[in-house]
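Coordinates in review
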Amino acid sequence: ACISLRQEAPEPPPRAGRLVELGEIASANAKLLPRPVAVWLPPGYDRERSRRHRVLYMHDGQNLFDSRSAFGGVPWGVDEALAALMALGEVPPTIIVAVGNTAQRWYEYAPEAALRTLPADVRAAADAEIPLAGADLAAEAYVRFLADELKPQIDQRFRTLPARAPQRMSVL
């Protein structure tokens, strides 16, 4: 659906919006490694100083915008896709927070409650397939980092809508 919408949208200018590299951000939780974080500000952010914006937090942030950091050298083009949707009026201007992953990616993204119920041999087989075999599960710590540490920093530094907005479900 997004592809068909992009075909109708006017092409956004190259590098629409502005990328702000925040560098490595560490958590207070020693279980988590520091990770790169970047923030993409939508076109018009710098002109419309009184406007507050929704925020989209995305994992694997190194893959979103830049071929130099993207896995396999192919970025996902999230900034271009979102700029096209904004140009169509399909979504309001939105900030993207690109949260880079770490070597602990599997342990941070995998649901802890489900993994804790796995038989020991199945868990051992999964651990053997990924880096840092035997590392602690860290999804709950990662979610707390996003909600309690990173989000307040983003809300303080950028013009966000910090309160949770009522969600409207739509299918494109």
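All of the points below concern the structure found in this document. (Residues numbered from 1 in each chain as written. Predicted model: local features only at pLDDT ≥ 70, side-chain atom pairs only at ≥ 80, totals over all residues. Heavy atoms only, no water.)

Time to look at the overall build of the protein. Across its full length, the protein carries six helices and four strands. Element order for the protein, N to C, with α for helix and β for strand: α-β-β-β-α-β-α-α-α-α. Expressed as a percentage of its 172 residues, the buried residues of the protein come to 38%. Considering only intrachain contacts with a sequence separation of at least 6, the fraction spanning at least 24 residues in the protein is 71%. Surface summary for the protein: the accessible area is close to 10,400 Å², and the carbon and sulfur share equals 56%. (Helix = DSSP H or I, 4+ residues; strand = E, 2+ residues; numbered from the N terminus. Buried < 20%, exposed > 50% of the residue type's maximum accessible area, 1.4 Å probe, protein only. Contact = heavy atoms within 4.5 Å. Areas by Shrake-Rupley, 256 points an atom, 1.4 Å probe, with all protein chains shown as cover.)

Next up on the list: unusual backbone geometry. Positive phi outside glycine occurs at D60, with the angle close to 55 degrees. Looking at the secondary structure, you find D60 in the loop between strand 3 (54-58) and helix 2 (78-87). What makes D60 buried here is its relative accessible area of 8%.

Geometry only, nothing functional implied.
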